[in-house]
Amino acid sequence: MENVILVDEKDSVLGEVSREEAHKDGLWHRVAVVYLLNAKGEILIQERKDSPGFGFDHSSAGHVDHWESYLDAAKRELGEELGVYNVELKEVGDAEADEPKPHINKILRHKFKIFECIAEPGRLEPTEVVRVFWADPRKVWAEMQDDVAHQYCGGFKATLEVWLKAKGILWEF
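Only a predicted model underlies this, so the values are computations on that prediction, with no experimental measurement involved.

**Student:** Got a minute to help me understand the overall build of the protein chain in this structure?
**Tutor:** Within the protein chain, the regular secondary structure consists of 4 helices and 9 strands. From first element to last, N terminus to C terminus, the protein chain shows the α and β order β-β-α-β-β-β-β-α-β-β-β-α-α. Compactness check: the protein chain gives a C-alpha radius of gyration of 15 Å against a globular reference of 16 Å for 173 residues, within 12% of the reference. With the principal axes as the frame, the protein chain shows a C-alpha extent of 40 × 35 × 35 Å. For the protein chain, the residues scored as buried account for 47% of the 173 residues in total. Counting contacts in the protein chain only where the partners sit at least 6 residues apart, residues at least 24 apart contribute 63% of the total. The protein chain carries 22 positive and 34 negative side-chain charges, and their two centres are separated by 3 Å.

Here you go:
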């Protein structure tokens, strides 16, 4: 397993660390996120294999390896998880999530760079993805506000808010 980029609260690079150590010790590190869109304005949602029952997540996402940029990681993950290649990715914004996971003795502290593209999923990676489906992002956001079943991953909640604001769908008050 590759090392990830260790960063501070402002996303400045501090070095590299193993993903396991970053999660065990609650260290900030980078994740690239991609939202796939279709002509109806829906987003593709992925059900993660490693989070059954509460694993609805971004269309595609993954840790930025120590030798990669956010964009490189976004393209790699998009191909690996969803079989999508050679699409133009548009940068949308940044987010962060600080998620204690006491049931697995980890603290996930991720700095996200968010991208989007219009594409259809290809071959799904069966070791990571259970299924994918298209959904109205407004309805997903509404469901996230009362997610007592914890079906949505915390990072997905953080990045969807940024994506919705960037698209003019959600406003700050």
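Resuming the write-up.
**Student:** Mind showing me how you'd approach the nonpolar core here?
**Tutor:** The biggest cluster of nonpolar side chains holds 24 residues, and the ones touching the most others in it are Tyr35, Ile43, Val140, Phe156, Leu160 and Trp163. Of all the secondary-structure elements, those providing two or more residues to this core are strand S3 (28-37), strand S4 (43-48), strand S7 (90-101), strand S8 (106-118), helix H3 (137-144) and helix H4 (154-166). Ranked by the residues each element gives to this core, the list is headed by H4, at 5 residues. Not counting the four nearest positions on each side in its chain, Phe156 is found in contact with Tyr35, Ile43, Ile45, Phe56, Asp57, His58, Val140 and Met144. Of all hydrophobic cores here, the second largest spans 18 residues; its members include Val7, Tyr70, Leu78 and Leu89.

**Student:** Sorry if this is basic, but what is going on with the environment of Leu6 here?
**Tutor:** Note on placement: Leu6 falls in strand S1 (residues 3-7). A residue is classified by how much of its surface remains accessible, and Leu6, at 18% relative accessible area, is buried. Note: C-alpha distance between Leu6 and Ala61 (55 residues apart in sequence) is 17 Å. Here Leu6 is in contact with Ser12, Val13, Leu14, Gly15, Glu16, Val17, Leu27 and Trp28, once residues within four sequence places are set aside.

Each value, and the rule that gives it
- In this numbering scheme, every chain counts its residues from 1 along its sequence in written order.
- With pLDDT at 70 or above as the cut-off, local features in this predicted model cover only qualifying residues; side-chain atom pairs require 80 or more to be listed or tallied, and sums for whole chains, interfaces and linings still use all residues.
- Each side-chain value is worked out from all heavy atoms of the structure, with water and hydrogens disregarded.
- Per the convention used, a helix needs a DSSP run of H or I reaching at least four residues, while a strand needs a run of E reaching at least two, with both numbered from the N terminus.
- When we talk radius of gyration, it's over C-alpha atoms, and the globule rule is simply 2.2 Å times the number of residues to the 0.38.
- Think of it in three bands: with a 1.4 Å probe and only protein chains considered, a residue is buried below 20% of the maximum accessible area for its type, exposed above 50%, and partly exposed in between.
- Contact criterion: two residues are considered in contact whenever any of their non-hydrogen atoms come within 4.5 Å of each other.
- Charge counting follows a simple rule: Lys and Arg are positive, Asp and Glu are negative, and His as well as the terminal groups are ignored.
- To locate a charge, take NZ of a lysine, CZ of an arginine, CG of an aspartate or CD of a glutamate.
- As used in this record, nonpolar core signifies buried Ala, Val, Leu, Ile, Met, Phe, Trp, Tyr and Cys residues forming a set joined through side-chain atoms within 4.5 Å.

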